[in-house]
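Tertiary structure, described
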Amino acid sequence: ISSRVNKKVASKISMATKVAMVDTNKKVFALQVASLDSEESVAKEWKHINKKAAPLFKDKITTNIEKTKVNNKTYYRLKLGEYYNFKSAEDDCEVFKFYKVDCFVSNYTDKPIRL
(Lines give C-alpha, C1' and ligand atoms only; values in the text may rest on other atoms or scores of the structure.)
Protein backbone atom coordinates (compact mmCIF):
# COMPACT_ATOMS: atom_id res chain seq x y z
CA ILE A 1 0.00 0.00 0.00
CA SER A 2 2.80 2.41 0.86
CA SER A 3 4.36 1.96 -2.57
CA ARG A 4 1.02 2.62 -4.29
CA VAL A 5 0.42 5.77 -2.24
CA ASN A 6 3.92 7.06 -3.02
CA LYS A 7 3.32 6.55 -6.75
CA LYS A 8 0.03 8.48 -6.57
CA VAL A 9 1.68 11.33 -4.69
CA ALA A 10 4.61 11.38 -7.12
CA SER A 11 2.18 11.42 -10.04
CA LYS A 12 0.26 14.38 -8.57
CA ILE A 13 3.49 16.30 -7.88
CA SER A 14 4.67 15.62 -11.41
CA MET A 15 1.36 16.86 -12.86
CA ALA A 16 1.49 20.02 -10.69
CA THR A 17 5.03 20.70 -11.91
CA LYS A 18 3.97 20.31 -15.54
CA VAL A 19 1.03 22.69 -15.04
CA ALA A 20 3.30 25.24 -13.34
CA MET A 21 5.80 25.01 -16.19
CA VAL A 22 3.06 25.60 -18.77
CA ASP A 23 1.71 28.57 -16.81
CA THR A 24 5.12 30.23 -16.55
CA ASN A 25 5.44 30.19 -20.33
CA LYS A 26 2.18 32.05 -20.86
CA LYS A 27 1.38 35.70 -20.40
CA VAL A 28 -1.32 35.48 -17.77
CA PHE A 29 -1.46 38.83 -15.98
CA ALA A 30 -1.46 42.56 -16.75
CA LEU A 31 -2.02 45.76 -14.79
CA GLN A 32 -5.41 47.32 -15.30
CA VAL A 33 -5.03 51.08 -14.89
CA ALA A 34 -8.36 52.36 -16.22
CA SER A 35 -11.85 51.34 -17.27
CA LEU A 36 -13.59 53.97 -19.37
CA ASP A 37 -16.66 54.29 -21.56
CA SER A 38 -14.99 55.31 -24.84
CA GLU A 39 -11.80 54.73 -26.79
CA GLU A 40 -11.24 58.49 -26.85
CA SER A 41 -11.32 58.55 -23.05
CA VAL A 42 -8.77 55.74 -22.98
CA ALA A 43 -6.41 57.76 -25.20
CA LYS A 44 -6.74 60.80 -22.92
CA GLU A 45 -6.19 58.72 -19.78
CA TRP A 46 -3.15 57.06 -21.38
CA LYS A 47 -1.56 60.47 -21.98
CA HIS A 48 -2.36 61.50 -18.41
CA ILE A 49 -0.83 58.30 -16.95
CA ASN A 50 2.18 58.54 -19.24
CA LYS A 51 2.86 62.08 -18.01
CA LYS A 52 2.24 61.21 -14.35
CA ALA A 53 4.58 58.21 -14.35
CA ALA A 54 6.98 59.20 -17.14
CA PRO A 55 10.04 57.39 -15.70
CA LEU A 56 8.17 54.08 -15.91
CA PHE A 57 7.65 54.46 -19.64
CA LYS A 58 11.31 54.80 -20.70
CA ASP A 59 11.13 51.23 -21.93
CA LYS A 60 8.19 50.37 -24.13
CA ILE A 61 5.32 48.88 -22.13
CA THR A 62 2.85 46.55 -23.77
CA THR A 63 -0.52 48.29 -23.94
CA ASN A 64 -3.77 46.44 -24.51
CA ILE A 65 -7.46 47.27 -24.43
CA GLU A 66 -10.09 44.82 -23.23
CA LYS A 67 -13.55 45.70 -24.48
CA THR A 68 -16.28 44.37 -22.21
CA LYS A 69 -19.98 44.81 -21.52
CA VAL A 70 -21.31 45.30 -18.00
CA ASN A 71 -25.05 45.81 -17.52
CA ASN A 72 -25.46 46.51 -21.26
CA LYS A 73 -22.83 49.24 -21.17
CA THR A 74 -19.51 48.95 -23.03
CA TYR A 75 -16.27 49.62 -21.18
CA TYR A 76 -12.69 49.79 -22.41
CA ARG A 77 -10.13 48.51 -19.92
CA LEU A 78 -6.63 49.89 -20.33
CA LYS A 79 -4.09 47.22 -19.42
CA LEU A 80 -0.32 47.55 -19.22
CA GLY A 81 2.41 44.95 -19.27
CA GLU A 82 2.55 41.23 -19.71
CA TYR A 83 3.38 39.04 -16.75
CA TYR A 84 3.98 35.35 -16.33
CA ASN A 85 3.32 35.34 -12.60
CA PHE A 86 1.13 37.24 -10.18
CA LYS A 87 3.93 38.35 -7.84
CA SER A 88 5.85 40.22 -10.58
CA ALA A 89 2.66 41.96 -11.67
CA GLU A 90 1.81 42.85 -8.10
CA ASP A 91 5.29 44.28 -7.51
CA ASP A 92 5.05 46.49 -10.60
CA CYS A 93 1.57 47.63 -9.59
CA GLU A 94 3.04 48.89 -6.31
CA VAL A 95 5.57 50.94 -8.31
CA PHE A 96 2.75 52.50 -10.37
CA LYS A 97 0.89 53.32 -7.16
CA PHE A 98 4.02 55.14 -5.93
CA TYR A 99 3.52 57.44 -8.94
CA LYS A 100 -0.16 57.90 -7.97
CA VAL A 101 -1.44 55.64 -10.77
CA ASP A 102 -4.19 53.34 -9.53
CA CYS A 103 -3.93 49.79 -10.76
CA PHE A 104 -4.66 46.21 -9.92
CA VAL A 105 -3.52 42.89 -11.28
CA SER A 106 -5.90 41.57 -13.91
CA ASN A 107 -5.93 38.96 -16.64
CA TYR A 108 -3.71 39.51 -19.68
CA THR A 109 -5.53 40.69 -22.80
CA ASP A 110 -3.86 40.36 -26.17
CA LYS A 111 -5.58 43.25 -27.94
CA PRO A 112 -2.76 45.71 -28.67
CA ILE A 113 -3.47 49.38 -29.14
CA ARG A 114 -1.17 52.16 -30.26
CA LEU A 115 -1.52 55.28 -28.16
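Below is a summary of the structure that appears in this document. A quick note: this is a predicted structure, and the numbers were derived from the prediction, not measured. All residue numbers refer to position in the chain's written sequence, counted from 1. Note on the predicted model: pLDDT of at least 70 is required for a residue's local features to be given, and 80 or more for side-chain atom pairs to be given and counted; whole-chain, interface and lining totals, by contrast, use all residues. Side-chain numbers here rest on the full set of heavy atoms in the structure, without hydrogens or water.

A few points about the overall build of the chain
Here is the rule: The way it works is that DSSP assigns letters per residue, a run of H or I at least four long becomes a helix, a run of E at least two long becomes a strand, and they are numbered from the N terminus. Only protein chains enter the accessibility calculation, which uses a 1.4 Å probe; a residue is then buried when its area is under 20% of its type maximum, exposed when over 50%, and partly exposed in between. Two residues form a contact once any of their heavy atoms are found within 4.5 Å. Only the protein chains shown count as cover for residues, and the accessible areas themselves come from Shrake-Rupley with a 1.4 Å probe.
Assigned secondary structure in the chain consists of three helices and four strands. Counting from the amino terminus, the chain carries its helices and strands in the arrangement α-β-α-β-β-α-β. The buried share among the 115 residues of the chain stands at 28%. Within the chain, contacts between residues at least 6 apart in sequence are counted, and of these 71% link residues at least 24 apart. By element, 53% of the accessible surface of the chain is carried by carbon and sulfur atoms, the whole surface being about 8300 Å².

Focus: the environment of Tyr 83
Considering the arrangement of structural elements, one finds Tyr 83 in strand β3 (residues 73-83). Under the relative-accessibility criterion, Tyr 83 is labelled buried at 11%. Put simply, Tyr 83 and Asn 107 are 24 residues apart on the chain and 9.3 Å apart in space, counted from C-alpha to C-alpha. The contacts of Tyr 83, once residues within four sequence positions are left out, are Lys 26, Lys 27, Val 28, Phe 29, Ala 30, Leu 31, Ser 88, Ala 89 and Asp 92.

Description of the sheet that holds strand β2 (residues 63-70)
Note the following rule: Any two strands between which DSSP finds at least two bridges are classified as paired. Axes here refer to lines fitted to C-alpha atoms; in helices the fit is confined to the stretch in contact. Angles between the N-to-C directions go from 0 to 180 degrees.
Within the open sheet, the four strands sit side by side as β2-β3-β1-β4. Their pairing is antiparallel. Only two strands of the sheet have a single partner each, and these edge strands are β2 and β4 (104-107). Sheet twist, expressed as the mean angle between neighbouring strand axes with direction ignored, is 45°. Bridge count for strand β1 (residues 29-36) against β3 is six bridges, and the pairing is antiparallel. By the bridge assignment, Leu 36 is partnered in β3 with Tyr 76.

Brief notes about the pattern of salt bridges
For the record, the criterion: We define a salt bridge as a side-chain nitrogen of Lys or Arg found within 4 Å of a carboxyl oxygen belonging to Asp or Glu.
What the rule picks out here adds up to five salt bridges. Between Lys 97 and Glu 94 there is a salt bridge whose closest N-O contact spans 3.7 Å. With Lys 97 and Glu 94 both in helix α3 (residues 86-98), this residue pair falls three residues apart, about one helical turn. If you follow the salt bridges from partner to partner, you end up with Glu 66, Arg 77 and Lys 79 in one network.

Details of the side chain of Asn 64
This is how it is decided: N or O atoms closer than or at 3.5 Å make up a polar contact, with two conditions inside protein: a donor-capable atom paired with an acceptor-capable one, and, for residues adjacent in sequence, both atoms drawn from side chains.
Turning to its location among the elements, Asn 64 is positioned in strand β2. By relative accessible area, Asn 64 is classed as buried at 1%. Within the structure, the side chain of Asn 64 is placed 3.0 Å from the backbone nitrogen of Lys 111, a separation counted as a polar contact.

A few points about helix α2 (residues 39-52)
Filter applied, for reference: Helix span, expected: 1.5 Å multiplied by one less than the number of residues in the helix. Taking the helix axis as origin, the arc is that swept by the directions to the C-beta atoms.
An ideal rise of 1.5 Å per residue puts 20 Å on 14 residues; α2 measures up with 20 Å between its terminal C-alpha atoms. Residues of α2 that are buried: Val 42, Trp 46 and Ile 49. All buried residues of α2 lie within an arc of 70° about the axis, which places them on one face of the element. What points out from α2, more than 90 degrees from its buried face, is the exposed set Glu 40, Lys 44, Lys 47 and Lys 51.

Everything listed is a geometric property; what it means functionally is a separate question.
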